[in-house]
Amino acid sequence: MSVPTRPTHHCAALDLEHAGSGVVLMGWVERIRDLGGLLFLDLRDYRGVTQIVVRPGSGPAAVAKRLGAWWVVAVEGVVLAREAETVNPTIDTGRIEVEAQRIHILSEARTPPFPPTDSEGVAEELRLRYRYLDLRNPRLQRNLRIRGRLAAEIRGHLDDHGFLEVETPFLTRSTPEGARDYLVPSRVHRGRFYALPQSPQLFKQLLMIGGTDRYYQIVRCFRDEDLRADRQPEFTQVDVEMSFADPEQVIEVTEGLFQRALGAVGIEVTPPFPRFTYRQAMDRYGVDRPDLRYGAEIRDLTELARGTGHPLLDRVLEAGGSVRGIAAPGCAGFSRKRLDGLQAAAVEAGAGGLLWAAFRDGEVRSPLLKTLGADRLRTLLEAAGGGPSDLLLMVAGEARTACEALGALRRQLAASEGWTSPDQFAMAWVTEFPLFDHSEAEGRLTSVHHPFTSPHPEDVDRLATDPLSVRSLAYDVIANGHELGGGSIRIHNRAMQQRVFEALEIPPAEAAERFGFFLEALEYGTPPHGGIALGFDRIAMLASGSASLRDVIAFPKTTSATDLMTGSPAGVDSSQLDEVGVALAKGRTEADDD
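Right, let's walk through the structure included here.

Parameters at a glance
Each residue is numbered by its place in its chain's sequence as written, counting from 1. Reporting in this predicted model follows two pLDDT cut-offs: at least 70 for local features of residues, and 80 or more for side-chain atom pairs to be given and counted; totals over whole chains, interfaces and linings ignore these cut-offs and use all residues. Hydrogens are left out, water is left out, and the side-chain values use all remaining heavy atoms of the structure. Strands are treated as partners if at least two bridges between them are detected by DSSP. To qualify as a helix, a DSSP run of H or I must reach at least 4 residues; to qualify as a strand, a run of E must reach at least 2; elements of each kind are numbered from the N terminus. For helices, the fitted line uses only the C-alpha atoms of the stretch in contact; every axis is such a line through C-alpha atoms, and the angle between N-to-C directions lies from 0 to 180 degrees. Burial classes: relative accessible area under 20% of the type maximum marks a residue as buried, over 50% as exposed, and values in between as partly exposed (1.4 Å probe, protein chains only). Residues count as neighbours in contact if any of their non-hydrogen atoms are within 4.5 Å of one another. Our angle categories are set so that under 35 degrees counts as roughly parallel, over 145 as roughly antiparallel, 65 to 115 as roughly perpendicular, and the remainder as oblique. For any pair of crossing helices, the crossing counts as left-handed if the nearer helix is rotated counterclockwise from the farther one by less than a right angle, and right-handed if it is rotated clockwise. When residue character is reported, Ala, Val, Leu, Ile, Met, Phe, Trp, Tyr, Cys and Pro are called nonpolar, Asp, Glu, Lys and Arg charged, and the others, Gly included, polar. Each patch is assembled from residues with relative accessible area greater than 30% and no salt bridge, linking like charges that lie within 9 Å and nonpolar side chains (Val, Leu, Ile, Met, Phe, Trp, Tyr) that lie within 5 Å. Note on areas: Shrake-Rupley, 1.4 Å probe, and residue coverage restricted to the protein chains presented here. The rule for a salt bridge is simple: a side-chain nitrogen of Lys or Arg has to be within 4 Å of a carboxyl oxygen of Asp or Glu. A pair of Phe, Tyr and Trp rings is counted when the ring centres sit within 6.5 Å of each other, with Trp represented by its six-membered ring. The angle between the planes then sorts it: under 30 degrees is stacked, over 60 is edge-to-face, the rest tilted. Geometrically, a lysine NZ or arginine CZ counts as sitting over a ring once it is within 6 Å of the ring centre and also within 35 degrees of the ring normal. Throughout, the arc means the angular range of directions from the helix axis out to the C-beta atoms.

**Topic: the sheet that holds strand β2 (residues 38–44)**
- Taken together, the five strands give a closed barrel; going around it, the order is β1-β2-β3-β5-β4, and neighbouring strands pair in mixed fashion. Averaged over all pairs of adjacent strands, the angle between strand axes in this sheet comes to 55 degrees, irrespective of strand direction.
- As paired strands, strand β4 (residues 72–81) and strand β5 (residues 96–107) are joined by 10 bridges and run antiparallel to one another. Note on β5: the bridge partner recorded for L80 is E97.

Given below as structure tokens:
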């Protein structure tokens, strides 16, 4: 008896129209139920489940009794319509079952360390150790299908708009700016190193110089940095660049990309997306990636807070500070313990303290009541956009610090009070970022985006005299409090690039060593150009409703950048180190890295 080599249908494909048909199904035996000799098998593949019926005394009965959970089998049988009382509406094939005529064992299985399709409550470390089992979970299979569909639609959109997909090198030179590089020693050129790219930034700009006027790539990038739930050491980005473009063109292409890709997985977004300047975002939300799914915007209450006689307010305002506030809807009933928790959170975010007033049933509860009075507090609440049953939270101090502290409280309250729904998807743009920031650790200016970002034309004259006031032609696309991508119009002439390097205190010799090939290329006729890089993993995470990037990556790393399944990173033989001319620091061995 020959064993089938392929199925006729997958395990979610059969329905009533197939009744009476002979079929071949292949998959894992997820569950076995013995009802007095009548056996029911749940056969699962990557698409779904079909119930298999094995009659007592039938040809396949003896084989079926040998089966264990997660054995791989091929089933030849006939599709039958289920009786009305046995229909299972929770699965796609719930109106039919397949009566087995022959069962072929393709592979036996050990008992898995956890149920692959029901890993709720299983430690993530165990799931990652046996990731190939965890991937059988329908939720992860769904996530990978969403990821694949997003990639296909993104490619389709960019192809339709005249972009050419071009691959750029993975082995390149280290040009550190921001995160650390992953270094790769060269065996042929001993003592020299490649670096894995943090992004294809310079290569895509070189493609513009080379005449590829519209480029894209869905590309792997690498950053050796501290991790968190939405960050991995190797990640995928949608890299886009176009010549003779202004921010409006890049934004238009990108909005169309999101509309098409997200629409294909059931999420509707409608261009044009709202836009905020960086300053507007910080003033209204206290963060440059605001979540627009809820209100409680930050309001400037400075003028209304003048002349109250409150010692703290008077002292801050006399020193040139400000008072900012938010109205937290429905939070007037917070206990003193909850309010103390908000106070601690505000201090942790940099505020000197937190002022509050609760409004409920026409009454006002607040430590400020004696000095400000109920009427003044109601006026402040109204100015903050609040009403009955709301909680007014205020921070007095330097404007940026006050906004950042209130922004942190706004996000904390949204999470604890359920202000958002996973079904909501609110996108926006943040524009006109500062070109530079000051790094206390390095004692110098650093680039907010990267050093190839063009300064705003209106601010170029302040590059040398007041660089922190210079805006950039940069833009971020955000959704639900996450940055999904960032881009800019690039510098396209050498003189301007050198002025930016000077502001960053990169000496000419160092600039020539690190970027000489690129600076030379800028002298050969560089078209104005700009683009964007979108975090593909993060897009897939939000589109699938997942809480972590690890749930949308087939084989992710842990937050300590380790792969529990393969045991990497791992030590290597000393002979391999000798070949590439690398010696470990004294007192360490290859095994120390295991």
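**Considerations on unusual backbone geometry**
- The amide bond that connects P271 to the next residue, P272, takes the cis arrangement and shows omega of -5 degrees.
- Here the residue pair S568 and P569 is connected by a cis peptide bond, since its omega of 0 degrees sits within 30 degrees of zero.
- For P569, the location among the structural elements is in the loop between α14 (536–544) and α15 (574–579).
- Here the phi dihedral of D361 falls at roughly 55 degrees; this positive angle occurs in a residue that is not glycine.

**Some points on helix α5 (residues 201–209)**
- Residues of α5 that are buried include every one of Q201, L202, K204, Q205, L207 and M208, and no others.
- Contact partners of the buried residues in α5: β9 (214–222), β10 (234–243), α13 (508–521) and β22 (529–535).
- Where α5 ends, the next residue or the one after it, G211, has phi of about 95 degrees, a positive value.

**Things to note about the packing of α5 against α13**
- The N-to-C vectors of α5 and α13 enclose an angle of 20 degrees; their axes lie 10 Å apart at closest approach. The orientation of α5 relative to α13 falls into the category roughly parallel. In the packing of α5 onto α13, the handedness of the crossing is left-handed. Contact residues: α5 offers L202, Q205, L206 and I209, while α13 offers F515, F517, F518 and A521.
- Broken down by class, the residue content of the contact of α5 with α13 amounts to seven nonpolar, one polar and no charged.

**A short note on a nonpolar patch on the surface**
- Taken together, the side chains of F170, L171 and Y194 present a nonpolar region at the surface, about 260 Å² in accessible area.
- Topologically, F170 is positioned in the loop between β6 (164–165) and β7 (182–185).

**Overview of the packing of aromatic side chains**
- Per the counting criterion, the structure on display carries 11 aromatic pairs.
- The interplanar angle of 40 degrees and the centroid separation of 5.4 Å between the aromatic rings of Y278 and F433 together place this pair among those described as tilted. Here the residue Y278 occupies a position in helix α7 (residues 278–285), and F433 occupies one in the loop between β17 (427–431) and β18 (436–439), the gap between them amounting to 155 residues. Take Y278 and F433: they sit in the same class, and that class is buried.
- By the ring-pair criterion, three or more aromatic residues cluster together here, those being F452, F501, F515 and F518.
- The lysine or arginine in question, R338, covers the ring of F334, its NZ or CZ lying 4.0 Å from the ring centre.

**So, helix α8 (residues 311–318)**
- Taken as a whole, α8 has its buried residues at L313, V316 and L317. Buried residues of α8, viewed axially, fall in a sector of 95 degrees; they line one side. Pointing more than 90 degrees away from the buried face of α8 are the exposed residues P311, R315 and E318.
- Phi for G320, located one or two positions after α8, is positive at around 90 degrees.

**Focus on the sheet that holds β6**
- With mixed pairing, eight strands are arranged side by side in an open sheet as β6-β9-β10-β22-β21-β20-β17-β11. Looking at strand neighbours, the two that pair on one side only are β6 and β11 (275–277), the edges of this open sheet.
- Two strands pair when backbone bridges link them, and β10 and β22 are joined in this way by seven bridges, in the antiparallel orientation. In the strand pairing of β22, M242 is matched with G530.
- Taken strand by strand, helix α4 (residues 138–160) contacts β6, β9 and β10, and its axis lies near 150 degrees from that of β9.
- Strands in contact with α7 are β11 and β17; relative to β11, the strand with the most contacts, it is inclined by about 95 degrees.

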